[in-house]
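So the chains spell out like this:
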Amino acid sequence: MKKGATLRVCYEAGPTGYGIHRRLSEAGIDCEVVAPSLIPVQSGNRVKTDRRDAKRLAQLHRAGELTPIYVPDEAAEALRDLERAREDAKRAQTVARHQLSKFLLRHGRRYTESGNWTLRHLAWIARQQFDQPAQQRVLGDYRNTLQLATERLAQLERDIDELVWTTALAPLVKALMAMRGVALVTATTVAAEVGDFRRFPTAGSFMAYLGLVPSEHSSGATQRRGSLTRTGNRRVRRLLVEAAHHYRYRPNMSRELARRNEGIAENVRLIAWRAQHRLHRRLRQLTARGKSHPKAIAAVARELAGFMWAIGQEQELVAA
């Protein structure tokens, strides 16, 4: 390197994590972790090697064509690992439920009452008997697998409830929980995945980060809008879509929601209350105009992201 030159490096986000970034930053080297999905690609280039990729990455970095991602601190990354482990556990529980239910369905065992996976439903499963010993053992194995997955999920949720309040993100998590449809797991996931909301200059930029804005292919005077881009953080996007379903009900301060609002700053409570009125009215308007339910929910999730962004702008919620 020439004398007086400044060393700037980058690498793609991936399984190597953020350790390289932290070590280089501690050594005083300007390092960026870039988003692989946003790296410009030459469609006519059919030769791919590590050397060519590194050279191309250096050229794009020098030209300013790469998009760096948000690098959390170690405490925030640890909380992110915890909530992602909880998501993995939830996925494992869903798989175990499907395997058990499909096994019973193949053999004509149908649960006719309402409420799947309730205590009554699980008791009904436990009473099932098969003539073949092998099938009885399969049933036992599926039940044990489901029980272990459920216990794992419950333990991770207890861990989140215990540890999240010891982190710098605790004020942000508590503030987000003032919103309808945003309980502990959702608020923790959003806070850990997003970090500092102030890195998004506008609510629209945060919506785009979550992939909740429509795609567009326009030319000249012609504008063509398509489906949602679905780029960015899929975990937060999915949770916001799930939370948007809660706004089909009229604005109301339930006992649980009132408990979550205790100790919250008045301006944050006002944002959350205005969100209830706005999003409920918006969902009804879209449905009345003939919009399909999934599209209406996606639109409400987009506006919900805007209200979350507004809460995240409060200075006292951000760790110093």
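See the structure shown above.
What counts, and where the lines are drawn
- Residues numbered from 1 in each chain as written.
- Predicted model: local features only at pLDDT ≥ 70, side-chain atom pairs only at ≥ 80, totals over all residues.
- Heavy atoms only, no water.
- Helix = DSSP H or I, 4+ residues; strand = E, 2+ residues; numbered from the N terminus.
- Buried < 20%, exposed > 50% of the residue type's maximum accessible area, 1.4 Å probe, protein only.
- Contact = heavy atoms within 4.5 Å.
- Areas by Shrake-Rupley, 256 points an atom, 1.4 Å probe, with all protein chains shown as cover.
- Lys, Arg positive; Asp, Glu negative; His and termini not counted.
- Charge placed at Lys NZ, Arg CZ, Asp CG, Glu CD.
- Phe/Tyr/Trp six-rings, centres within 6.5 Å; stacked < 30°, edge-to-face > 60°.
- Core = buried A, V, L, I, M, F, W, Y, C linked by side-chain atoms within 4.5 Å.
- Pairing = 2+ DSSP bridges.
- Right-handed = clockwise from strand over helix to strand, strands pointing away.
- Expected span 1.5 Å × (residues − 1).
- Arc of directions from axis to C-beta.
- Axes fitted to C-alpha atoms, helices over the stretch in contact; angles between N-to-C directions.
- Parallel < 35°, antiparallel > 145°, perpendicular 65-115°, else oblique.
- Left-handed = near helix turned anticlockwise from the far one by under 90°.
- Nonpolar A, V, L, I, M, F, W, Y, C, P; charged D, E, K, R; others polar.

### Concerning the overall build of the protein chain
Logical step 1: Along the protein chain, the regular secondary structure elements total 12 helices and four strands.
Logical step 2: Overall, the C-alpha framework of the protein chain stretches about 80 × 50 × 50 Å when taken along its three principal axes.
Logical step 3: Here the protein chain holds 320 residues, and 36% of them are scored as buried.
Logical step 4: A sequence separation of at least 24 residues applies to 63% of the contacts in the protein chain between residues at least 6 apart.
Logical step 5: Accessible area for the protein chain stands at about 19,500 Å²; split by element, carbon and sulfur atoms hold 51% of it.
Logical step 6: Computed over 54 positive and 32 negative side-chain charges, the separation of the two mean positions in the protein chain equals 9 Å.

### Brief notes about the packing of aromatic side chains
What characterises a pair of aromatic rings is the spacing of the ring centres plus the angle enclosed by the ring planes.
Logical step 1: One pass over the structure, following the stated rule, counts seven aromatic pairs.
Logical step 2: Consider the rings of Phe 200 and Tyr 209, whose centres lie 4.9 Å apart with planes at 45 degrees: the pair is tilted.
Logical step 3: Taking the relative accessible area as the measure of exposure, Tyr 209 reaches 24% and is therefore partly exposed.
Logical step 4: Both rings, one in Phe 206 and one in Tyr 209, keep their centres 6.3 Å apart while their planes meet at 20 degrees; by these two values the pair is stacked. Of the two residues, Phe 206 and Tyr 209 are both situated in helix H8 (residues 203–209); the distance of three residues between them amounts to about one turn of the helix.

### Here we look at the nonpolar core
Logical step 1: With 56 residues, the main nonpolar core has Leu 176, Met 179, Val 190, Phe 206, Leu 240 and Met 308 as its most contacted residues.
Logical step 2: Where this core is concerned, the elements lending two or more residues are helix H3 (74–106), helix H5 (133–163), helix H6 (170–176), helix H7 (184–194), H8, helix H9 (234–244), helix H11 (266–288) and helix H12 (293–312).
Logical step 3: If one sorts the elements of this core by residue count, H12 sits on top with 12 residues.
Logical step 4: In this view, Met 308 contacts Leu 176, Met 179, Val 182, Val 190, Phe 197, Phe 206 and Leu 240; residues no more than four positions away in its chain are not counted.
Logical step 5: By size, the runner-up hydrophobic cluster in this structure holds 10 residues, among which are Leu 100, Leu 104, Tyr 111 and Ile 125.

### Examining the pairing of strand E1 (residues 8–12)
Logical step 1: By the bridge criterion, five bridges tie E1 to strand E2 (residues 30–34) in an arrangement that is parallel. What sits directly across from Glu 12, in E2, is Val 34.
Logical step 2: This β-α-β element, E1 to helix H1 (residues 19–26) to E2, shows right-handed connectivity.

### Some words on the environment of Leu 57
Logical step 1: Among the secondary structure elements, Leu 57 is positioned in helix H2 (residues 50–63).
Logical step 2: Residue classification places Leu 57 among the buried positions, given a relative accessible area of 12%.
Logical step 3: Separated by 204 residues in the primary sequence, Leu 57 and Asn 261 have C-alpha atoms spaced 47 Å apart.
Logical step 4: With near-sequence residues (within four places) excluded, Leu 57 lies in contact with Cys 10, Tyr 11, Glu 12, Ile 39 and Leu 66.

### Some remarks on H2
One turn of an α-helix holds 3.6 residues; hence residues three or four places apart share an orientation.
Logical step 1: The terminal C-alpha atoms of H2, which comprises 14 residues, lie 20 Å apart, in line with the 20 Å expected from a rise of 1.5 Å per residue.
Logical step 2: Taken residue by residue, H2 has Leu 57, Leu 60 and His 61 as its buried positions. Viewed along the axis of H2, the buried residues span an arc of 100 degrees, placing them on a single side of the element. Away from its buried face, by an angle of more than 90 degrees, H2 presents the exposed residues Arg 51, Lys 55, Arg 62 and Ala 63.

### What about the packing of H3 against H7?
Logical step 1: At a closest axis distance of 9 Å, the pairing of H3 and H7 adopts a crossing angle of 135 degrees. The orientation of H3 with respect to H7, classified from their angle, is oblique. As for how H3 packs across H7, the hand of that crossing is left-handed. Where H3 approaches H7, its residues Leu 79, Arg 80, Glu 83, Arg 84 and Arg 86 are matched on the opposing element by Val 185, Thr 188, Thr 189, Ala 192 and Glu 193.
Logical step 2: A class-by-class count of the residues in the contact of H3 with H7 yields three nonpolar, two polar and five charged.

### A short note on the packing of H7 against H9
Logical step 1: Packing of H7 against H9 leaves a shortest axis separation of 10 Å and a crossing angle of 150 degrees. The angle between H7 and H9 places the two elements in the roughly antiparallel class. Seen from above, H7 lies across H9 with left-handed handedness. Counting all contacts with H7, which are made through Thr 186, Thr 189, Val 190, Glu 193 and Val 194, the residues of H9 involved are Arg 235, Val 236, Leu 239 and Leu 240.
Logical step 2: For the contact of H7 with H9, a count of residues per class yields five nonpolar, two polar and two charged.

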